Amino acid sequence: MEKKRFETEIIHGGYNAQEFHDSLVPPLFQTSTFTFSNAKQGERRFAGEEDGFIYSRLGNPTVRILEERVAILEGAEKALAFGSGMAAVSAVLFSLVKSGDHILCSKGVYGCTFGLLQLLEEKFNIEHDFSLMETKESLRETLRPNTSCIYIETPINPTMKLVDLQMVAEIAHEMGIPVVVDNTFCSPYLQKPLELGCDVVIHSATKYICGHGDVIAGLVAGSEAFLNKVARTTQKDIGGVISPFDAWLLLRGLKTLPVRMDRHCENAEKLASVLAEHPTVEQVYFPGDRKHPDYKIAEKQMRKPGGLISFTIKGTKEDAQAFMDRLELIKIAVSLGDAETLIQHPATMTHAVVPEDARIKMGISNTLLRLSVGLEALEDIWQDLKQALDKG
Ligand SMILES: Cc1ncc(COP(=O)(O)O)c(C=O)c1O
C-alpha cells in the first residue's frame, strides 16, 4: 500500500485485514507457542530458513502488527515491543555498550534510567557522564574515545529542558557514536528523532502511546540491523517481551493518539500561561513558553510543545505536598499521558532514587511538581489547580 499520512498510518499501518479473515480490528493471538506441521518445519524455522512464528517470546502476530505500525510512525526500518519502557531502555543499552565503555547522557533522565546507569557502572564498569549538550564545542569536550552511546531525553523528565537532536546527531556521527532518544514525552506525533538524524528511538509506551493508563509497555525503533541484533540477543535472552494482549491494547490506544495529543497540547498551553500568573507559583517550565530558554529548539524539532508542565511552588517541600493534597479532580500519581490529569512530586517519587546532590544538579528541587495535563475540560482542571493554589 502507498504510504499515507501519519493520522492514516496510525489507524491502518502494518495491518492487512485479508491476512486475518477480513477482521476489521487486528486479532489477539493470545498464545504462548505455535505448532509446527512436522519436525523438519520446526528445524527450518529455528534455523531461520522459513518465515513463521515459533514461540511468543520470539515473536507473535499481534505484537508484529504493533511493531510494524510503530516502525511506520517513527520512520524506522523496524520496531520491537517490550514488556515495559525500562525493558526497552535496558535491552538497547545492553546491546550498545560493553564493559569499559562510556555513555554520555542528557543532564536529566527518568529516575530508573538513572538507576540503570548506576548499575551498569557498579557491575560492569560502564561509566557515564551527564551533559546539557548545549553547544557543539561542549559536546565534543565531553565525548571520550570509549563513548559508545549518547543517550538523550528531550524534553528532559521532569525539568523540561530540551536538547537539539539534529546538532547532537551531527557531532555524534562525525565520531561514529549512535544516538539513542527516549521519545516518551513526545510520542511520534510530536517529534521524530530518526528524521533528525538520531539512530534509535525508545518509548515508554505506557504513556501517550497507550493513552488509557491500563498497560505497561515499551517500544524501540531504528535500523533493521540494530533491531535484529536486539531481537536475537537482549530481547530474546533477557526476555522483557510484551504480552499479546497488551500489544492489542496499544494498537487500540494508538488509533486516537493524534486527536488525544492535540487536546493534551491545547490544554497544556493554556494552563502553562495561567499557572505562570498565579502568585503562589514560582516558576513554570514549559517548552511552548516564549521565555523558555529552549523555545527555539522546541519550534525546530517538535510539532507542538507537549502535554507536560513542570512548575515550582513558593515555599518548602511540605508546601508543595500540601498543595497536592488540596487537589480534588487532579490525581496524585506517577505516569503521564493518560486521559486523567496527574500530578507528581519528582524529588520524592519518580526521581527519589537519584541522590539529593545529583538531583539538585539535574534541576529537580524539593518544590518542583510535574503535571501531566489530561483530556478533561480545561476550565475544570484550572478550577482545581486554582482552588489549591489560592489556599497556599
Ligand atoms: C521518560 C521515561 N522513560 C522511560 C520510562 C520507563 O517506562 P516504564 O514505566 O514503562 O518502564 C518512564 C516512566 O515513567 C519515563 O517517564
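Everything numeric here is computed off the predicted structure, so don't read it as measured data. (Residues numbered from 1 in each chain as written. Predicted model: local features only at pLDDT ≥ 70, side-chain atom pairs only at ≥ 80, totals over all residues. Heavy atoms only, no water.)

Draft legend 1. Here's a closer look at the nonpolar core. The biggest cluster of nonpolar side chains holds 43 residues, and the ones touching the most others in it are L66, L219, I242, L250, L254 and L257. Looking at this core, the elements with two or more residues in it are α1 (6-12), α3 (61-74), β1 (78-82), α8 (187-190), β7 (218-222), α10 (244-254), α11 (257-277) and α12 (295-301). In terms of residue count, α3 provides more of this core than any other element does, 6 residues in total. Look past the residues within four positions of L257 in its chain and what remains in contact with it is F6, I10, S187, P188, Y189, Y208 and I209. Within the second largest apolar cluster, 32 residues are counted, among which are I103, V109, V200 and A347. (Core = buried A, V, L, I, M, F, W, Y, C linked by side-chain atoms within 4.5 Å. Buried < 20%, exposed > 50% of the residue type's maximum accessible area, 1.4 Å probe, protein only. Helix = DSSP H or I, 4+ residues; strand = E, 2+ residues; numbered from the N terminus. Contact = heavy atoms within 4.5 Å.)

Draft legend 2. Representation of the side chain of Q387. By the secondary structure assignment, Q387 is in helix α15 (residues 378-390). Among the residues examined, Q387 registers a relative accessible area of 17% and is labelled buried. Of the polar contacts made by the side chain of Q387, one reaches the side chain of D384; its length is 2.9 Å. One polar contact links Q387 to K391, side chain to side chain, over a distance of 2.8 Å. If near-sequence neighbours (up to four positions away) are discounted, Q387 is found in contact with R326, L327 and E328. (Polar contact = N/O pair within 3.5 Å; in protein donor to acceptor, adjacent residues only side chain to side chain.)

Draft legend 3. Representation of the site of the ligand within the structure. Every residue near the ligand is listed here: S84, G85, M86, Y110, E153, N157, D182, T184, S204, T206, K207 and A217. One nitrogen or oxygen atom from the side chain of S204 is found 2.8 Å from an oxygen atom belonging to the ligand. Protein coverage of the free-state accessible area of the ligand, which is 390 Å², stands at 92%. Of the residues in the shell around the ligand, the class split is 3 nonpolar, 6 polar and 3 charged. (Near = heavy atom within 4 Å. Areas by Shrake-Rupley, 256 points an atom, 1.4 Å probe, with all protein chains shown as cover. Nonpolar A, V, L, I, M, F, W, Y, C, P; charged D, E, K, R; others polar.)

Draft legend 4. Summary view of the pattern of salt bridges. This structure, assessed with the given rule, holds 15 salt bridges. The partner of D237 in a salt bridge is K236, with the nearest N and O atoms 2.8 Å apart. By relative accessible area, which is 31% here, K236 ends up partly exposed. (Salt bridge = Lys/Arg side-chain N within 4 Å of Asp/Glu carboxyl O.)

Draft legend 5. Summary view of helix α9 (residues 224-238). Helix length check: α9 (15 residues) gives 20 Å between terminal C-alpha atoms against 21 Å at 1.5 Å per residue, within 8%. The principal kink in α9, of about 40 degrees, is found at A231. Contacts made by the buried residues of α9 are with β1, α4 (85-96), β6 (200-204) and β7. Once α9 finishes, G239 follows within two positions and takes phi at roughly 90 degrees, a positive value. (Expected span 1.5 Å × (residues − 1). Bend = angle between axes of the 7 residues up to and from the residue.)

Draft legend 6. The state of the cysteines, seen in detail. Using the criterion set out here, one finds 0 disulfides in the structure. With no disulfide of its own, C186 has C265 as its nearest cysteine by sulfur position, at a separation of 8.7 Å. Residue C210 stays outside any disulfide, its sulfur separated by 17 Å from that of C265, the closest cysteine. Given the relative accessible area of 1%, C210 is considered buried. (Disulfide = S-S within 2.5 Å.)

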